[in-house]
Amino acid sequence: MELGTDELLAALARRLDIRDLFRDLSAIAARVVPHDEAHLVAWREDGTDWLYASTHDGVPGRITDTTARTIRDRHEARVLDVVPGADRGLKSGLTVPVRIDDRVVGVFAFLSRRPQAYSPDDVVNAERLAAYLAVGLAYQMFAEQARDAAIERRRSLEIEASVDLLRTISDVLDVRTVFPRVSEIGKKLLPHDALAMVFADGGRYFVGQAVSPGDFPDPPVLTVKTPIPDDFIVDDMTTGPLPVVEPADAFAPVVAAGYRSLLSVRIPVRDRQLTLAFWSKRPRAFEQRDVPVAHGIAAYVALAVSHEQLAEVARQAGEARARAEQLEARVQMLSQELESKIQIRVVGESMEWRGVLTKATQVAETDTTVLLTGESGTGKEIVARFIHRASARSGGPFVALNCAALPEQLLESELFGYERGAFTSAQQAKPGQIELAAGGVLFLDEVTEMSLSAQAKFLRVLQEREFQRLGGIRILKTNIRVIAATNRDLLKAVERGDFRQDLFYRLQVFDIRVPPLRERRADIPPLIEALLQDISKSLARPPAGLTRGAREALLRYDWPGNVR
């Protein structure tokens with residue numbers, strides 16, 4: 001569900017007290033992050049005067065130092081399965097930090113009476129809500145600092161400008177498009193002749209992003225040679241002192257354009273550092289008391305940039321979901337196609353089995369060699385046929401060879417073929433399985449049973465795509481995709497010297513482990529139903545089903561023979 005931007009703006013605009021704003025924001029947030037209670041813990045810079053805002057009646061206005069320190073340590077968003085408030089029936093929660101100027105100034109917490117009510121997917125919306133709350137909190141802090149020194153007219157002007165800034169940046173996904181308007185509104189709070197926004201890359205490289213007015217020299221791409229404070233003022237650009245940067249004449253175009261003084265503030269925006277530079281054509285145009293005002297304007301710009309970044313994250317997440325849905329639909333289509341066309345059923349509903357089919361679908365689109373591992377009877381050949389059906393080679397043959405079923409000499413003759421007279425009984429030439437699989441897939445089951453001699457010859461097939469028949473001298477080219485399978489530990493076979501290491505690496509380009517049935521018990525009920533249907537057809541009578549005791553016994557059994 002989308003956040004109600006207009007409602008959030010209205011709440012920010014009409015509330016000066018953070019507790020009032022918190023209650024409004026919590027009511028709006030309930031549609032996005034459902035909760036039974038919402039809490040805000042905030043503190044001052046000196047660590048005193050701990051404040052507590054809550055939607056739950058009866059919560060004290062202050063909390064103990066011990067609890068405060070515990071909450072204050074939560075610098076990252078977290079999903080909680082254990083929360084305080086068990087006496088009120090609370091069982092799970094979600095906390096996100098409230099940040100101002102890269103400082104954690106509070107914690108926004110959502111609590112629910114449902115166990116495990118929150119997932120990492122809720123974090124993005126919660127962080128965005130915390131960003132709106134941070135703006136209100138920052139504004140209150142700014143208003144408190146200015147209250148004693150500012151007159152009522154200045155405060156009304158600030159509120160008006162703040163609302164204008166919020167309206168300006170609330171719905172934009174690129175703050176550069178409204179940057180001239182941001183500068184225009186900002187002049188009401190902090191008079192300036194030009195405003196520039198730049199980002200620090202790695203803390204030392206500054207890259208220009210936006211300027212206003214348009215005739216102001218573009219912020220240069222420069223390297224800071226010496227550390228500079230986050231906030232600084234230059235009284236006169238002609239006399240300095242200026243930050244030491246590269247190129248050394250980076251500020252020359254700005255001075256030539258008539259600009260004489262600078263106020264620069266830096267503020268973090270998620271994983272980046274945003275610098276807002278206020279320029280004036282008057283020397284000594286800025287004072288230290290202007291720094292908090294500049295930070296207030298920068299906070300609004302940072303909110304827009306954060307909104308842009310969150311929108312990009314949401315877009316990427318949406319694309320990932322769309323790809324996952326497309327992949328799942330393709331898995332379903334291929335499963336049905338495999339059953340209808342070659343009478344092989346792909347039965348299973350567990351996450352583990354669906355994960356195997358998803359990997360198979362992903363690798364099928366390439367021509368990569370695949371190694372299937374798993375116990376006997378788990379369905380490795382079904383996965384191999386699934387890959388073949390989902391690949392561009394689906395129109396070619398699928399040739400399966402069980403390496404454990406044939407003695408060494410017969411295995412080589414079956415695999416590579418032989419010429420007439422290659423051995424006593426070779427009355428005529430015969431093509432091998434490699435030739436028969438041309439344009440399709442060669443499936444080698446129990447590949448660990450292949451002799452070292454056959455392994456050496458087959459390695460050449462994978463490396464050079466060529467081979468020779470037994471007793472032959474001609475070099476034959478091959479165009480096959482190899483899928484190998486084993487129920488043994490290939491690495492241990494390599495350590496024992498029973499399997500070539502170079503062949504192992506050639507086969508294990510993409511490894512798919514097919515889990516045993518005892519690790520995917522959710523597949524047992526659909527397998528039961530499928531087999532009962534088969535039995536009923538063979539007996540020409542409808543399936544009678546299973547008693548509860550029989551079903552429970554089948555679910556408890558470890559199935560050493562797996563699906564087979």
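Residues numbered from 1 in each chain as written. Predicted model: local features only at pLDDT ≥ 70, side-chain atom pairs only at ≥ 80, totals over all residues. Heavy atoms only, no water.

1. Brief notes about the packing of helix α11 (residues 408-416) against helix α13 (residues 452-464)
1) Next: Across the interface, α11 lies against α13 with an axial gap of 10 Å and an inter-helix angle of 15°. Accordingly, the angle class assigned to the pair α11 and α13 is roughly parallel. The two elements α11 and α13 meet at a crossing, and its hand is left-handed. Note on element contacts: α13 touches α11 through Ser-453, Ala-454, Lys-457, Phe-458 and Val-461, opposite Glu-408, Glu-412, Leu-415 and Phe-416.
2) Next: In the contact of α11 with α13, the residues fall into five nonpolar, one polar and three charged. (Axes fitted to C-alpha atoms, helices over the stretch in contact; angles between N-to-C directions. Helix = DSSP H or I, 4+ residues; strand = E, 2+ residues; numbered from the N terminus. Parallel < 35°, antiparallel > 145°, perpendicular 65-115°, else oblique. Left-handed = near helix turned anticlockwise from the far one by under 90°. Contact = heavy atoms within 4.5 Å. Nonpolar A, V, L, I, M, F, W, Y, C, P; charged D, E, K, R; others polar.)

2. Concerning the sheet that holds strand β17 (residues 441-445)
1) Next: Strand order in this open sheet of five strands is β14-β17-β20-β13-β21, and the pairing throughout is parallel. Two strands bound the open sheet, and with one partner strand each, they are β14 (398-402) and β21 (510-513). Strand-to-strand, the axes of this sheet are offset by a mean angle of 20°, without reference to chain direction.
2) Next: Strand direction decides the pairing type here: strand β13 (residues 370-373) and strand β20 (residues 481-486), joined by four bridges, are parallel. Across the sheet, Leu-372 pairs through a bridge with Ala-485, a residue of β20. (Pairing = 2+ DSSP bridges.)

3. Some points on unusual backbone geometry
1) Next: Phi angles above zero are rare outside glycine, and Gln-116 is one such case at about 50°.
2) Next: Mapped onto the elements of the fold, Gln-116 is located in the loop between β5 (103-112) and α4 (121-147).
3) Next: By relative accessible area, which is 63% here, Gln-116 ends up exposed.
4) Next: Backbone geometry at Arg-284 places phi at a positive 50°, although glycine is not the residue there.
5) Next: Residue placement: Arg-284 occurs in the loop between β12 (272-280) and α8 (290-342).
6) Next: Exposure remark for Arg-284: the relative accessible area of 58% places this residue in the exposed category. (Buried < 20%, exposed > 50% of the residue type's maximum accessible area, 1.4 Å probe, protein only.)

4. So, α11
1) Next: For α11, every residue scored as buried is listed here: Leu-411, Glu-412, Ser-413, Glu-414, Leu-415 and Phe-416.
2) Next: Of the residues flanking the end of α11, it is Gly-417, one or two places downstream, whose phi is positive at about 80°.

5. Focus on the environment of Asn-479
1) Next: Structurally, the position occupied by Asn-479 is in the loop between β19 (476-477) and β20.
2) Next: Spatially, the C-alpha atoms of Asn-479 and Glu-435 are 8.5 Å apart, while their sequence positions differ by 44 residues.
3) Next: Setting aside residues up to four positions removed in sequence, Asn-479 forms contacts with Arg-393, Ala-437, Ala-438, Gly-439 and Gly-440.
4) Next: A polar atom in the side chain of Asn-479 sits 2.7 Å from the side chain of Arg-393. (Polar contact = N/O pair within 3.5 Å; in protein donor to acceptor, adjacent residues only side chain to side chain.)

6. Thoughts on the environment of Ser-451
1) Next: Along the chain, Ser-451 turns up in the loop between β17 and α13.
2) Next: For the pair formed by Ser-451 and Asp-498, sequence separation is 47 residues and the distance between their alpha carbons is 8.1 Å.
3) Next: Beyond its immediate sequence surroundings of up to four residues, Ser-451 is in contact with Glu-408 and Glu-412.

7. Brief notes about α13
Each α-helix winds once per 3.6 residues, and so residues spaced three or four apart point in a common direction.
1) Next: Its 13 residues give α13 an end-to-end C-alpha distance of 18 Å, which sits within 8% of 18 Å, the value for a rise of 1.5 Å per residue.
2) Next: Listing the buried residues of α13 in full gives Ala-454, Gln-455, Phe-458, Leu-459, Val-461 and Leu-462. Projected down its long axis, α13 carries its buried residues within an arc of 155°, all on one side.
3) Next: Against the buried residues of α13 lie α11, α12 (433-436), β17, β18 (466-467), β20 and α15 (501-507).
4) Next: Arg-465 sits one or two positions beyond α13 and adopts a positive phi of about 55°. (Expected span 1.5 Å × (residues − 1). Arc of directions from axis to C-beta.)

8. Some remarks on the packing of aromatic side chains
1) Next: On inspection of all chains with the given rule, the structure shows six aromatic pairs.
2) Next: Where Phe-398 meets Phe-443, the ring centres are 6.0 Å apart and the plane angle is 25°; that geometry is what we call stacked. Here the residue Phe-398 occupies a position in strand β14, and Phe-443 occupies one in strand β17, the gap between them amounting to 45 residues. By the burial criterion, Phe-398 is buried, and Phe-443 matches it.
3) Next: Relative to Phe-467, the ring of Phe-416 lies with its centre 6.5 Å away and its plane at 40°, an arrangement referred to as tilted. Taken together, the positions of Phe-416 in helix α11 and Phe-467 in strand β18 put the pair 51 residues apart, joining distant regions of the chain. The exposure classification of Phe-416 matches that of Phe-467, with both residues buried.
4) Next: The lysine or arginine in question, Lys-281, covers the ring of Tyr-259, its NZ or CZ lying 5.2 Å from the ring centre. (Phe/Tyr/Trp six-rings, centres within 6.5 Å; stacked < 30°, edge-to-face > 60°. Lys NZ or Arg CZ within 6 Å of the ring centre and 35° of its normal.)

9. Quick word on the confidence of the model for the chain
1) Next: Across the chain, the average pLDDT comes to 76, with 71% of residues at 70 or higher.
2) Next: Taken as a whole, residues 60-70 scores under 50 in pLDDT and shows 13 contacts with residues more than four places along the chain or in a different chain. (pLDDT = per-residue confidence, 0-100.)

10. Observations regarding the side chain of Glu-414
1) Next: Its place among the elements puts Glu-414 in helix α11.
2) Next: Within polar-contact distance, the side chain of Glu-414 engages the side chain of Lys-430 at 3.0 Å.
3) Next: Ignoring any residue separated from it by four or fewer positions in sequence, one finds Glu-414 in contact with Leu-401, Leu-406, Lys-430, Gly-432 and Gln-433.

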